[in-house]
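# Inside the fold
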Amino acid sequence: MNRRNFLKTAALGVGGILLPAKDSPASVWESFFQKYYREMNDKEKKDVVARLEKEYEEKYKKHIKVKTNAPLPKVLYGYGLDLSRCVGCRRCVYACVTENNQSRNPQIQYITVLQFEQGEKWVSDLEESNKYYNPETVPAPEHFYMPVQCQQCEKPPCVKVCPTQATWKEPDGIVVVDYNWCIGCRYCMAACPYNARKFNWGEPTIPVDEINTETHYLGNRPRIKGAVEKCTFCIQRVRENPGRYPACVEVCPVGARKFGNLLDPESEIRVLIETKRVFRLKEELNTQPKFYYFFSL
Amino acid sequence: MTLLQFIRDLFKEITKGNKAYFIWLGLLSIVMLNALVSYIMQLNNGLIVTHMRDQVSWGFYISNFTFLVGVAAAAVILVIPSYIYHFKPIKEIVLFGEMMAVTAVLMCLMFITADLGKPLVAWHLFITPNFPRSILMWDVIVLNGYLILNTLAVFYVLFSAAHGREYKMVIMWPLVLISIPWAFSIHTVTAFLYNGLSSRPFWNASITAPRFIASAMCSGPALMILVFQVARKVSDIVVNDKAIFKIAELIAYAMGINLFLYASEIFKEFYSQSIHLAPMEYLFFGLKGHTLLVPFTWVAMVCNLTGFVIFMSPKLRNRFLFLNIACVLVFIGVYIEKGMGFVIPGFVPDTLGEIYDYLPSYIELSLSAGIWAFGAFFYTLLLKIAIPIYKGELSFLSHNMRHSLRDLHKPAVH
Ligand code: SF4
Ligand code: SF4
């Protein structure tokens, strides 16, 4: 590194500590001392949302709406995935990336679709799987697929280990992160048995014309460098009233993905659990996922 | 006024020294400055400048942290014989062991800070601590507690010496009695940090904490033996050979236990051949053609075994050449085994079966080197002022008083 570059880096570094670039000092101050989401009252939430919306507007030249919808009463979300239908096309992966404003560079994806060869070990030992497959057409002959994402554990180890309570389970069962409260220790990533947590190793980037402007504070609002994020069952969609399906459910071309309220005996998810062969991943760890794999055929 | 004068004296003490002293400090400063540049780059660009990724989300920083907690805990190996058994040769140097503990904990805290994605908001830890559920909170508490305990002990001993008094055991006892179990606790809690994660079978073995303690009682004392020898060469601190050989004997036992525990774990994994064997296989033989850590593992094995053989034989370990070789071997062996050899295989293969080969990036190496340099720098300065105070050459009493004292002691001329 030559001297000029060094000085530039050094200056940026000091700047980076005191004032994140291009922001007005007041807003930096406010964001630094921003309270923990769960301890904010309604007015404080409103103020923070207003500040965030303004910041996003400056950054992306677009109005981005940040909702703070509370959980719906008497709702516990559950997810079903039909392994006999999944063809491994990964539309869900990309729909999720777009819907949830995930960073494109560096790349972040919540859903991993594992490809197995017919007859390979799976379920308890995932080592023979491949997640970087690239066939001409799907499904590749003699192969089957198993998508994995956050299982919204009923007893989430990620929440147990977080030293700052920056991540927690909401009453509707969704495990969320307050990105502003997370200190980036990544202990939760070590604890999660499903590789569901993703870290912003670098400054997240999204092309401005691809931004989803309908966001939730605990979900798909633009993220920050150095914090952990994860699937929230599209909290910004499912907490609408009437709720909408998560993006992955909506996009799946073969209808392999099901979603609903576990507390409602009439719901599709309950019928599936009660009538199909169902299993959950890594049951022996007793994390009690609310993500059910089943076989419809 | 005396306090100011005393501080001035301390400062003078630090700024005087021979050429070697300044070259040493100068070199360390360069390494530290270089690390500062690396850290600034990391702050600007994020942890993407490291080679850690979602698959292996902790790397070299946490490896070094884990190792250094052991070094810090190892101060008990001096504290127990000196305060409990009043073994005189060690009692004379226990202070320097406690200073090493202080230095090591400071380095631990620096490594943790280096690893945080958002170090500026680390204060959130104290606003909404997830206590007692999160073991990381426990670790924060025990490490800082240990830092305070040892700082108090060091400060009190030096404070007494500066006033020309022996320290009082009434005050030392509580510190010592608390610090002994506390030293074990810091390493136990650090082991539990990994141990409690059911998602990582490599760490989720009940033998982890005992193994941590045993290996800490090897690496820390080995480092002390080396440092004390250097210190007594370059300063007028007295370290009795008896003390050094006693420490060496203790390392022999600790290494025996360490190897036994390690062997038990290796047996369990390789004999039962369950799917949890994968990380162990990755470590010793490589997994599906990924062999990045294999050479390191075997180097560590050879170092630990050779070191153990030397330490076992009183004839060999009481000769300084062999003793020093053995200390270096054990230090390297445990550094690899407890650092990269413990942290990384916990992540390989990851929870979805992927193998990501991790080796630290330049930034990680240079930043870590800087923290080690800081440790050396800090310990050097501590020694520089502690030795003259301890020996009564530098004291809090005013200069005038010292003169009159000296006059008092002068034999009367008749
Ligand atoms: S799958 Fe992982 S991230 Fe999701 S709730 Fe469970 S432990 Fe947490
Ligand atoms: S990375 Fe963030 S969410 Fe995860 S454990 Fe650390 S502070 Fe909690």
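Report on the accompanying structure.

The rules behind these values
- Residues numbered from 1 in each chain as written.
- Chains lettered and ligands numbered in written order.
- Predicted model: local features only at pLDDT ≥ 70, side-chain atom pairs only at ≥ 80, totals over all residues.
- Heavy atoms only, no water.
- Helix = DSSP H or I, 4+ residues; strand = E, 2+ residues; numbered from the N terminus.
- Rg over C-alpha atoms; globule rule 2.2 N^0.38 Å.
- Buried < 20%, exposed > 50% of the residue type's maximum accessible area, 1.4 Å probe, protein only.
- Contact = heavy atoms within 4.5 Å.
- Areas by Shrake-Rupley, 256 points an atom, 1.4 Å probe, with all protein chains shown as cover.
- Lys, Arg positive; Asp, Glu negative; His and termini not counted.
- Charge placed at Lys NZ, Arg CZ, Asp CG, Glu CD.
- Polar contact = N/O pair within 3.5 Å; in protein donor to acceptor, adjacent residues only side chain to side chain.
- Near = heavy atom within 4 Å.
- Nonpolar A, V, L, I, M, F, W, Y, C, P; charged D, E, K, R; others polar.
- Buried area = accessible area lost by both parts, 1.4 Å probe.
- Salt bridge = Lys/Arg side-chain N within 4 Å of Asp/Glu carboxyl O.
- Expected span 1.5 Å × (residues − 1).
- Axes fitted to C-alpha atoms, helices over the stretch in contact; angles between N-to-C directions.
- Parallel < 35°, antiparallel > 145°, perpendicular 65-115°, else oblique.
- Left-handed = near helix turned anticlockwise from the far one by under 90°.
- Pairing = 2+ DSSP bridges.
- Phe/Tyr/Trp six-rings, centres within 6.5 Å; stacked < 30°, edge-to-face > 60°.
- Lys NZ or Arg CZ within 6 Å of the ring centre and 35° of its normal.

### Looking at the overall build of chain B
- Looking only at helices and strands, chain B features 18 helices and zero strands.
- A globule of 414 residues ought to have a C-alpha radius of gyration of about 22 Å, and chain B, at 23 Å, matches this closely.
- Principal-axis analysis of the C-alpha atoms gives chain B an extent of 90 × 55 × 45 Å.
- The 414 residues of chain B split such that 55% are buried.
- Within chain B, contacts between residues separated by at least 24 positions form 77% of all contacts whose residues are at least 6 apart in sequence.
- Only carbon and sulfur atoms are counted for the fraction: they give 73% of the accessible area of chain B, which is about 17,700 Å².
- Here chain B carries 28 positive and 21 negative side-chain charges, and the mean point of each set is 10 Å from the other.

### Here's the deal with the environment of A190 of chain A
- Locating A190 of chain A in the fold gives a position in helix α6 (residues 187-191).
- Accessibility expressed as a relative area gives 0% for A190 of chain A, which makes it buried.
- C-alpha of A190 of chain A to C-alpha of V177 of chain A: the two residues are 13 residues apart in sequence and 16 Å apart in space.
- In this structure, A190 of chain A is in contact with S57, W58, L197, S199, R200, W203 and F347 of chain B, ignoring residues within four places of it in sequence.

### Description of the environment of Y79 of chain A
All names here are of chain A.
- If you trace the backbone, Y79 turns up in strand β2 (residues 77-82).
- According to the relative accessible area criterion, Y79 is buried, its value standing at 0%.
- Between the alpha carbons of Y79 and H143 there is a distance of 24 Å; along the sequence they are 64 residues apart.
- Not counting the four nearest positions on each side in its chain, Y79 is found in contact with Q149, F233, P246, C248, V249, R257, K258, F259, I269, K290, F291 and Y292.
- Polar contacts involving the side chain of Y79 include one to the side chain of R257, which spans 2.8 Å.

### So, the site of ligand 1
- If you check the shell around ligand 1, you find 14 residues, and the closest are C150, Q151, C153, C158 and C192 of chain A.
- A class-by-class count of the residues in the shell around ligand 1 yields ten nonpolar, two polar and two charged.

### Overview of the interface of chain A and chain B
- Across the boundary between the two partners, chain A contributes 59 residues, which contact 53 residues of chain B.
- When the area that chain A buries against chain B is broken down by residue, the three leading residues are E127, Y187 and W201 of chain A, summing to 18%.
- At the junction of chain A and chain B, the tally comes to three salt bridges.
- Taking the shortest distance from any N to any O, the salt bridge between R186 of chain A and D115 of chain B comes out at 2.7 Å.

### Concerning the site of ligand 2
- Residues in close proximity to ligand 2 include C162, P163, T164, T167, C182, I183, G184, C185, R186, C188, R197 and V228 of chain A, which together make up its full environment.
- Here the shell around ligand 2 is composed, by residue class, of seven nonpolar, three polar and two charged.

### A closer look at helix α2 (residues 19-45) of chain B
Residues and elements named next belong to chain B.
- With 27 residues, α2 ought to run about 39 Å at 1.5 Å a step, and its terminal C-alpha atoms sit 39 Å apart, in line with that.
- Residues of α2 that are buried: Y21, L25, L28, A35, V37, S38, Y39, I40 and Q42.
- Just downstream of α2 lies G46, where phi reads positive at about 90°.

### A short note on the packing of helix α3 (residues 60-73) of chain B against helix α17 (residues 362-390) of chain B
Residue and element names in this part refer to chain B.
- Viewed as axis vectors pointing N to C, α3 and α17 meet at an angle of 25°, and their least axial separation amounts to 10 Å. When the axis of α3 is compared with that of α17, the two are roughly parallel. The two elements α3 and α17 meet at a crossing, and its hand is right-handed. Packed against α3, whose contacting residues are F60, Y61, N64, F67 and L68, the element α17 presents I363, E364, L365, L367, S368 and W372 at the interface.
- The class makeup of the residues in the contact of α3 with α17 is eight nonpolar, two polar and one charged.

### Section: the pairing of strand β10 (residues 257-261) of chain A
Residue and element names in this part refer to chain A.
- In terms of burial, β10 is largely enclosed, as five of its five residues are buried.
- Note that β2 and β10 share five bridges and pair antiparallel. When the bridges of β10 are listed, G80 appears paired with K258.

### A short note on the side chain of Q42 of chain B
- Among the secondary structure elements, Q42 of chain B is positioned in helix α2.
- When near neighbours in sequence (up to four residues on either side) are disregarded, Q42 of chain B contacts L47, V49, T50, Y61, A114, I363 and L367 of chain B.

### Section: the sheet that holds strand β12 (residues 291-295) of chain A
Residue and element names in this part refer to chain A.
- Ordered by their spatial adjacency, four strands build an open sheet running β10-β2-β12-β11, and the pairing between neighbours is mixed. Two strands close off the open sheet at either side, each with one partner strand: β10 and β11 (277-279). Looking at each pair of strands side by side, their axes are set apart by 30° on average, direction ignored.
- Note that β11 and β12 share three bridges and pair antiparallel. Across the sheet, residue V278 finds its bridge partner in β12, namely F294.
- Its contacts with the sheet place helix α9 (residues 268-275) against β2, β10, β11 and β12, and it is angled at close to 110° to β10.

### Comments concerning the packing of aromatic side chains
- Evaluation of the coordinates by the stated rule reveals 53 aromatic pairs over all chains.
- Consider the rings of F116 of chain A and F144 of chain A, whose centres lie 5.2 Å apart with planes at 15°: the pair is stacked. With F116 of chain A in strand β3 (residues 112-117) and F144 of chain A in strand β4 (residues 143-148), the pair connects residues that are 28 residues apart, well separated along the chain. A single burial state applies to F116 of chain A and to F144 of chain A, both of which are buried.
- Ring-pair connections join several aromatic residues into one group, and the members of that group are Y77, Y79, F116, W122, F144, F233, F259, F279, F291, Y293 and F295 of chain A.
- Residue placement shows K246 of chain B over the ring face of F87 of chain B; its charged tip is 5.5 Å from the ring centre.

### With respect to the pattern of salt bridges
- The full count for this structure, using the stated rule, is 32 salt bridges over all chains.
- Here E337 of chain B and R211 of chain B are joined by a salt bridge, their closest N and O atoms 3.4 Å apart. Placement of E337 of chain B in helix α15 (residues 320-338) and of R211 of chain B in helix α10 (residues 208-234) is noted, with a sequence separation of 126 residues between them. For the pair formed by E337 of chain B and R211 of chain B, the shared burial category is buried.
- Ionic pairing is found between K246 of chain B and E249 of chain B, a salt bridge with its closest N-O pair at 3.6 Å. Of the two residues, K246 of chain B and E249 of chain B are both situated in helix α11 (residues 241-272); the distance of three residues between them amounts to about one turn of the helix.
- Looking at K246 of chain B, the relative accessible area reads 30%, which means it is partly exposed.
- One continuous salt-bridge network, built from bridges that share partners, spans K67, E214 and E240 of chain A.

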